[in-house]
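Residue strings, one per chain:
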There are 2 protein chains.
Amino acid sequence: MPEVTTAADGSQDALVVRVAAGGSIGWGECEASPLVSIAAFVTPMSHGACRPVSASVLGRSLTSPDDIRAMAADVAYNSMDLLQAAHTWSGIEMALWDLLGKVRGEPAWKLLGYQKAWPKLPYASVLFGGTPEETLNRARAIRAQGFRAAKFGWAPFGASLEGDIAQLEAARAGLGVDGVLLVDAGQVFGEDVAAAAARLKAMERFEVTWFEEPFRGDALNAYKALSQKTDKVGIAGGEAAHTSQMAKHLIDFGGVRYIQIDCGRIGGLGPAKAVADHAAASGVTYVNHTFTSNLALSASLQPYAGLKEHKICEYPTELRSLARELTLNRITPDAEGLIHVPDAPGLGIEINPDALAKYRVEVEIRVQGRTLFASPCPQQEEKK
Amino acid sequence: MPEVTTAADGSQDALVVRVAAGGSIGWGECEASPLVSIAAFVTPMSHGACRPVSASVLGRSLTSPDDIRAMAADVAYNSMDLLQAAHTWSGIEMALWDLLGKVRGEPAWKLLGYQKAWPKLPYASVLFGGTPEETLNRARAIRAQGFRAAKFGWAPFGASLEGDIAQLEAARAGLGVDGVLLVDAGQVFGEDVAAAAARLKAMERFEVTWFEEPFRGDALNAYKALSQKTDKVGIAGGEAAHTSQMAKHLIDFGGVRYIQIDCGRIGGLGPAKAVADHAAASGVTYVNHTFTSNLALSASLQPYAGLKEHKICEYPTELRSLARELTLNRITPDAEGLIHVPDAPGLGIEINPDALAKYRVEVEIRVQGRTLFASPCPQQEEKK
């Protein structure tokens, strides 16, 4: 966005990936710091375990899902010491499924092995209001829009126990007794189990379905300790996972009841599907994590499209204009308030070239006088 | 280095960090992709959880170790969605301990809480030869240099069971019966426990002390499974950890007997010390991971300088000229073959300004026409 605020609103940036092969084009989106992720693609190799992501991608052949998995393994091994590689690769991996699906005329979820895509119950995903009153109004508006579930997140939640209770009360009042209420703490408690546990009583009282990211993404012991303190509130987490292993550990060792995966960080659809399989086998509910465009939303739904019982899904309703305008078509709730994964080739989302031009940030990276990356102008894009 | 090969030799690059405050200067080194880590420092904020590392560092006051810990917490929280931040911050954190130690006239290990620094037994850390003969000669040369321990790593290890056995036999023959033999598989087995376990018999026969990084850094279950298959060979790992939690999980859930920490990746000396404390309490041996300059070597020794029983330490002996020339003083074995953590303010290592000039890579990063980073010329450095 031309103006960026300190709000934890991930729809303020977008790093869109376009892959081209054999006359077809696929699109993906990294949920990541754009400049840093670009640098991870173009950086010169500095040693054998520190190769750019591009080295494992450009010029490769793509004829089957196994080709995507082979590239993923190469990125992990050849870019072992390049931490950002996972975020960069995520958008590329997504774009490769989109491309392969378009070539085959099949939706990505079919390529992932599902026979049928089940409808999902979207929860409106918004930030807490600055005051309980704002949160109350936000919750009422969400119900008025027809949503049956809503998630409130981040600051001011965590600032004070009293304030948090007032926020929870307001959210429940606004949603009504039959609304599904979810809370996202945005890692505010670090590893402080006692501070997070102090909120459980109020959460049980206001019937909060899940308590998301109370802690840092890797605080397995804290997740475990908190999950053992309540039967009524499910602990949720996982969006920070940048490998499928990290997410599986949150299930196996952290005791979460909801595992939330961002395909734009975990390495794309393949590792996300592996987590979905593990969640289903472990009695844990898989949920997408999405706070950006409808391209990312479609991608995030594919890995669990075929899991009928894993019904709830994140659905951002207050996207900034960048994320809204990025796609020509959108995924919207039907008359029953459910959303449907596109039954169209690839991810089934069309990118808006005007938005790419309108919001493009000019970036140039030069090393030893050589330009490694420069934002393409629209004309150049057309020619490619 | 002017020429970079695909060898897993991390001394081919260097990202040196200089921090200045109150008239003093501190130095650190990231074990990371240099360009990407620079981008993580300078990138514009793209949303509240995606702020550059610089936002949590520049202009902060530094009067005590707690100030460093406070900055670390801010980086983790404010750069939550910027994966590379941990690698960038690692070099800065190191430099801050160096600076604080210089101001106080105390070595970093004292600031970390140790009263005394114990000598360490260095193992020569080299790559396997391309053939068993080369490895044999390398091992003999290492013994001839006076080293009592050696580690051989990476390709061609893992390519074939027969070849690996021949390599192990050669390494043992070259080191002699009383040499400490260590093996580093460089993650070559991915998560394939059976493939790694197939090497255990030969490792036991040739009395390998530890089997390092058989798997991806986050494959906790694979580590656990392998560690349960042998009492004689200790499983080692941890260098990939970019948070102290990840390393602790390798101990708690992965069953490693040696935890190897790279201060240039884990977030610097503070989180490394937290891992050392946890290792000591868990009966696991802490070991440094270092394959770059003596600045990084000194930093890597500080977090366990005071742990007398954790004696063995990684000591790269075949550094490329960049890493060798980067420091004016070096840490070298004494007459008994032991090395000593510098008993000097900070990290006790002097940087060679000529090497900084000689090996500098010109980098320029521009966003929307504004230069966010340009390699400083030596004159500019002098002025600062």
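Preceding this paragraph is the structure being described.
## Quick notes on the overall build of chain A
Part 1: The secondary structure content of chain A amounts to 15 helices and 12 strands.
Part 2: Computed over the C-alpha atoms, the radius of gyration of chain A is 21 Å, within 12% of the 21 Å expected from 2.2 N^0.38 for a compact globule of 384 residues.
Part 3: With the C-alpha coordinates aligned to their principal axes, the bounding extent of chain A is approximately 60 × 45 × 45 Å.
Part 4: For chain A, the proportion of its 384 residues judged to be buried stands at 60%.

## Description of the relation of the copies chain B and chain A
Part 1: Taken as rigid bodies, chain B and chain A are interconverted by a rotation of 180° and an axial shift of 0.0 Å, the fit giving an RMSD of 0.0 Å. Both copies are brought into coincidence by an operation consistent with a two-fold rotation axis.

## A few points about the sheet that holds strand S4 (residues 149-153) of chain B
All names here are of chain B.
Part 1: Spatially, S9-S8-S7-S6-S5-S4-S3-S10 is the arrangement adopted by the eight strands of the open sheet, whose pairing is parallel. Of all the strands in the sheet, just strand S9 (285-288) and strand S10 (312-316) have a single pairing partner and so form its edges. The sheet shows a mean angle of 25° between the axes of neighbouring strands, taken without regard to direction.
Part 2: Pairing of strand S3 (residues 121-127) with S10 involves five bridges; the strand directions are parallel. Paired with Tyr 123 across the bridge in S10 is Glu 314.
Part 3: Against the sheet, helix H6 (residues 161-175) touches S4, strand S5 (180-184) and strand S6 (208-212), its axis set at about 150° to S5.

## Overview of the state of the cysteines
Part 1: Across all of its chains, the model carries zero disulfides over all chains by this definition.
Part 2: A:Cys50 supplies the cysteine sulfur nearest to B:Cys30, a cysteine that is in no disulfide, at a spacing of 11 Å.
Part 3: With no disulfide partner, B:Cys313 has as its closest neighbouring cysteine sulfur the one in B:Cys263, 12 Å distant.

## Let's talk about the packing of aromatic side chains
Two aromatic rings, taken as a pair, are described by how far apart their centres are and by the angle between their planes.
Part 1: Under the definition given, this model contains 23 aromatic pairs over all chains.
Part 2: The interplanar angle of 80° and the centroid separation of 6.4 Å between the aromatic rings of A:Phe157 and A:Phe211 together place this pair among those described as edge-to-face. Note that A:Phe157 is positioned in the loop between strand S4 (149-153) and helix H6 (161-175) and A:Phe211 in strand S6 (residues 208-212), a separation of 54 residues in sequence.
Part 3: Through a chain of ring-to-ring contacts, three or more aromatic side chains come together here, namely A:Phe128, A:Phe152, A:Phe157, A:Phe189 and A:Phe211.
Part 4: Of note, B:Lys273 hangs over the ring of B:Tyr114, and the distance from its end group to the ring centre comes to 5.0 Å.

## Here's the deal with the sheet that holds strand S10 (residues 312-316) of chain A
All names here are of chain A.
Part 1: One open sheet accounts for eight strands, arranged S9-S8-S7-S6-S5-S4-S3-S10; its pairing is parallel. Taken across any chain shown, the strands that pair with only one partner, and hence form the sheet edges, are strand S9 (285-288) and S10. Averaged over all neighbouring strand pairs, the angle between strand axes comes to 25°, with direction disregarded.
Part 2: Of the strand pairs in this sheet, S4 and strand S5 (residues 180-184) are connected by five bridges, and their pairing is parallel. Looking at S5, one finds that Ala 149 is bridged to Val 180.
Part 3: H6 rests against S4, S5 and S6 of the sheet, and its axis sits at about 150° to S5.
Part 4: Contacting S6 and strand S7 (234-237), helix H9 (residues 220-227) runs over the sheet at an angle of about 160° to S7.

## Regarding the packing of helix H3 (residues 85-104) of chain B against helix H11 (residues 269-282) of chain B
All names here are of chain B.
Part 1: Interaxial distance between H3 and H11 falls to 8 Å at its minimum, and their mutual angle equals 90°. With respect to each other, H3 and H11 are oriented roughly perpendicular. Between H3 and H11, the contacting residues are Glu 93, Met 94 and Trp 97 on the first element and Leu 269, Gly 270 and Pro 271 on the second.
Part 2: Class assignment for the residues of the contact of H3 with H11 results in four nonpolar, one polar and one charged.

Calculation rules
- Residues numbered from 1 in each chain as written.
- Chains lettered and ligands numbered in written order.
- Predicted model: local features only at pLDDT ≥ 70, side-chain atom pairs only at ≥ 80, totals over all residues.
- Heavy atoms only, no water.
- Helix = DSSP H or I, 4+ residues; strand = E, 2+ residues; numbered from the N terminus.
- Rg over C-alpha atoms; globule rule 2.2 N^0.38 Å.
- Buried < 20%, exposed > 50% of the residue type's maximum accessible area, 1.4 Å probe, protein only.
- Least-squares fit on C-alpha atoms with pLDDT ≥ 70 in both.
- Pairing = 2+ DSSP bridges.
- Axes fitted to C-alpha atoms, helices over the stretch in contact; angles between N-to-C directions.
- Contact = heavy atoms within 4.5 Å.
- Disulfide = S-S within 2.5 Å.
- Phe/Tyr/Trp six-rings, centres within 6.5 Å; stacked < 30°, edge-to-face > 60°.
- Lys NZ or Arg CZ within 6 Å of the ring centre and 35° of its normal.
- Parallel < 35°, antiparallel > 145°, perpendicular 65-115°, else oblique.
- Nonpolar A, V, L, I, M, F, W, Y, C, P; charged D, E, K, R; others polar.

So yeah, pure geometry; function would need other evidence.
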